[in-house]
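Residue-level structure breakdown
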Amino acid sequence: RNRRTVLYAAVEGDAAVHDATLRWVERAVIGLNLCPWAKPALTRGHILIKVSHASSVAELKEEVLAEARKMAADEDGQDTWLVVTERLLPDFLHYNAVANAIDDEIDDDEGLRGVVQLATFHPDYSFARST
(Lines give C-alpha, C1' and ligand atoms only; values in the text may rest on other atoms or scores of the structure.)
Protein backbone atom coordinates (compact mmCIF):
# COMPACT_ATOMS: atom_id res chain seq x y z
CA ARG A 1 0.00 0.00 0.00
CA ASN A 2 1.15 3.52 -0.74
CA ARG A 3 1.52 5.45 2.51
CA ARG A 4 1.31 9.19 3.03
CA THR A 5 3.74 10.91 5.35
CA VAL A 6 1.67 13.49 7.17
CA LEU A 7 1.46 14.40 10.82
CA TYR A 8 -1.81 16.11 11.61
CA ALA A 9 -3.25 18.32 14.32
CA ALA A 10 -6.90 19.31 14.22
CA VAL A 11 -6.27 23.06 14.16
CA GLU A 12 -3.22 25.29 14.29
CA GLY A 13 -3.87 26.21 17.94
CA ASP A 14 -3.34 22.57 18.85
CA ALA A 15 0.33 22.66 17.86
CA ALA A 16 1.59 22.51 21.46
CA VAL A 17 -0.57 19.48 22.29
CA HIS A 18 0.41 17.83 19.00
CA ASP A 19 4.12 18.43 19.62
CA ALA A 20 3.94 17.25 23.24
CA THR A 21 2.15 14.09 22.08
CA LEU A 22 4.78 13.45 19.43
CA ARG A 23 7.57 13.85 22.01
CA TRP A 24 5.70 11.49 24.33
CA VAL A 25 5.42 8.91 21.52
CA GLU A 26 9.17 9.17 20.93
CA ARG A 27 10.24 9.10 24.59
CA ALA A 28 7.67 6.89 26.29
CA VAL A 29 5.88 4.73 23.74
CA ILE A 30 8.96 4.05 21.61
CA GLY A 31 11.60 4.64 24.28
CA LEU A 32 9.96 2.16 26.67
CA ASN A 33 8.89 -0.13 23.81
CA LEU A 34 5.23 0.06 24.87
CA CYS A 35 3.96 -0.48 21.33
CA PRO A 36 5.98 -2.47 18.78
CA TRP A 37 4.28 -0.71 15.85
CA ALA A 38 5.06 2.84 16.95
CA LYS A 39 8.70 3.12 15.89
CA PRO A 40 8.24 1.85 12.30
CA ALA A 41 5.13 4.03 11.90
CA LEU A 42 6.94 7.11 13.20
CA THR A 43 10.03 6.42 11.08
CA ARG A 44 7.83 6.29 7.97
CA GLY A 45 5.82 9.33 9.08
CA HIS A 46 2.66 7.24 9.32
CA ILE A 47 1.27 8.57 12.58
CA LEU A 48 -1.74 10.88 12.57
CA ILE A 49 -2.38 12.88 15.73
CA LYS A 50 -5.89 14.26 16.21
CA VAL A 51 -6.39 16.65 19.12
CA SER A 52 -9.94 16.22 20.37
CA HIS A 53 -12.08 19.14 21.42
CA ALA A 54 -14.85 16.93 22.77
CA SER A 55 -16.62 18.47 25.73
CA SER A 56 -18.18 15.24 27.01
CA VAL A 57 -17.26 11.59 27.26
CA ALA A 58 -20.10 10.68 24.88
CA GLU A 59 -18.76 13.15 22.31
CA LEU A 60 -15.24 11.76 22.72
CA LYS A 61 -16.45 8.18 22.25
CA GLU A 62 -18.22 9.15 19.03
CA GLU A 63 -15.13 11.00 17.83
CA VAL A 64 -12.84 8.02 18.47
CA LEU A 65 -15.27 5.68 16.70
CA ALA A 66 -15.56 8.11 13.76
CA GLU A 67 -11.76 8.25 13.49
CA ALA A 68 -11.60 4.44 13.64
CA ARG A 69 -14.08 4.24 10.75
CA LYS A 70 -12.02 6.73 8.73
CA MET A 71 -8.88 4.73 9.45
CA ALA A 72 -10.52 1.46 8.40
CA ALA A 73 -11.66 3.02 5.11
CA ASP A 74 -8.33 4.75 4.37
CA GLU A 75 -6.37 2.07 2.52
CA ASP A 76 -3.54 4.43 1.54
CA GLY A 77 -3.34 6.31 4.82
CA GLN A 78 -1.60 6.27 8.14
CA ASP A 79 -0.71 3.18 10.16
CA THR A 80 -1.41 4.71 13.56
CA TRP A 81 -3.95 7.32 14.57
CA LEU A 82 -3.86 8.99 17.96
CA VAL A 83 -6.86 10.82 19.40
CA VAL A 84 -5.66 13.01 22.25
CA THR A 85 -7.77 14.70 24.89
CA GLU A 86 -6.32 17.03 27.47
CA ARG A 87 -9.36 17.78 29.57
CA LEU A 88 -11.51 14.65 29.71
CA LEU A 89 -10.94 11.50 31.75
CA PRO A 90 -8.18 12.50 34.17
CA ASP A 91 -9.24 9.64 36.49
CA PHE A 92 -7.64 6.40 35.28
CA LEU A 93 -10.47 4.08 36.34
CA HIS A 94 -13.07 6.20 34.53
CA TYR A 95 -10.76 6.45 31.50
CA ASN A 96 -10.28 2.67 31.48
CA ALA A 97 -14.04 2.05 31.64
CA VAL A 98 -14.60 4.40 28.69
CA ALA A 99 -11.75 2.79 26.72
CA ASN A 100 -13.27 -0.66 27.35
CA ALA A 101 -16.66 0.58 26.12
CA ILE A 102 -15.06 1.98 22.95
CA ASP A 103 -13.18 -1.28 22.40
CA ASP A 104 -16.45 -3.22 22.78
CA GLU A 105 -18.08 -1.00 20.15
CA ILE A 106 -15.15 -1.60 17.79
CA ASP A 107 -15.56 -5.36 18.30
CA ASP A 108 -19.31 -5.07 17.63
CA ASP A 109 -18.81 -3.11 14.37
CA GLU A 110 -18.29 -5.49 11.44
CA GLY A 111 -16.43 -2.80 9.50
CA LEU A 112 -13.94 -2.33 12.35
CA ARG A 113 -13.63 -5.79 13.92
CA GLY A 114 -10.28 -7.28 12.95
CA VAL A 115 -9.25 -4.10 11.12
CA VAL A 116 -8.77 -1.57 13.90
CA GLN A 117 -7.02 -2.29 17.18
CA LEU A 118 -7.52 0.11 20.08
CA ALA A 119 -4.36 0.72 22.09
CA THR A 120 -4.79 2.99 25.09
CA PHE A 121 -2.40 5.13 27.08
CA HIS A 122 -3.02 7.25 30.18
CA PRO A 123 -0.53 9.05 32.45
CA ASP A 124 -1.73 6.93 35.38
CA TYR A 125 -1.79 3.65 33.47
CA SER A 126 -1.36 0.57 35.61
CA PHE A 127 -1.42 -3.11 34.80
CA ALA A 128 -3.23 -5.81 36.74
CA ARG A 129 -1.22 -7.01 39.72
CA SER A 130 1.23 -4.11 39.53
CA THR A 131 1.94 -1.84 42.45
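Everything discussed here concerns the structure shown above.
Residues numbered from 1 in each chain as written. Predicted model: local features only at pLDDT ≥ 70, side-chain atom pairs only at ≥ 80, totals over all residues. Heavy atoms only, no water.

A few points about the overall build of the protein chain
Scanning the protein chain from terminus to terminus reveals four helices and two strands. Within the protein chain, the fraction of its 131 residues that count as buried is 35%. On the protein chain, roughly 8400 Å² of surface is accessible, and the fraction owed to carbon and sulfur atoms is 51%. (Helix = DSSP H or I, 4+ residues; strand = E, 2+ residues; numbered from the N terminus. Buried < 20%, exposed > 50% of the residue type's maximum accessible area, 1.4 Å probe, protein only. Areas by Shrake-Rupley, 256 points an atom, 1.4 Å probe, with all protein chains shown as cover.)

Focus on the pairing of strand β1 (residues 47-51)
Among the five residues in β1, five count as buried, and that is most of the element. Side chains Ile 47, Ile 49 and Val 51 project from β1 onto one buried face, and the interleaved Leu 48 and Lys 50 project onto a second face that is buried too.

With respect to the pattern of salt bridges
Applying the stated criterion to the full structure yields six salt bridges. Between Lys 50 and Glu 63 there is a salt bridge, with the nearest N and O atoms lying 2.8 Å from each other. Residue Lys 50 is found in strand β1, and its partner Glu 63 is found in helix α3 (residues 57-73); the two are separated by 13 residues along the sequence. When its relative accessible area of 15% is taken as the criterion, Glu 63 is described as buried. Taking the shortest distance from any N to any O, the salt bridge between Asp 109 and Arg 69 comes out at 3.4 Å. (Salt bridge = Lys/Arg side-chain N within 4 Å of Asp/Glu carboxyl O.)

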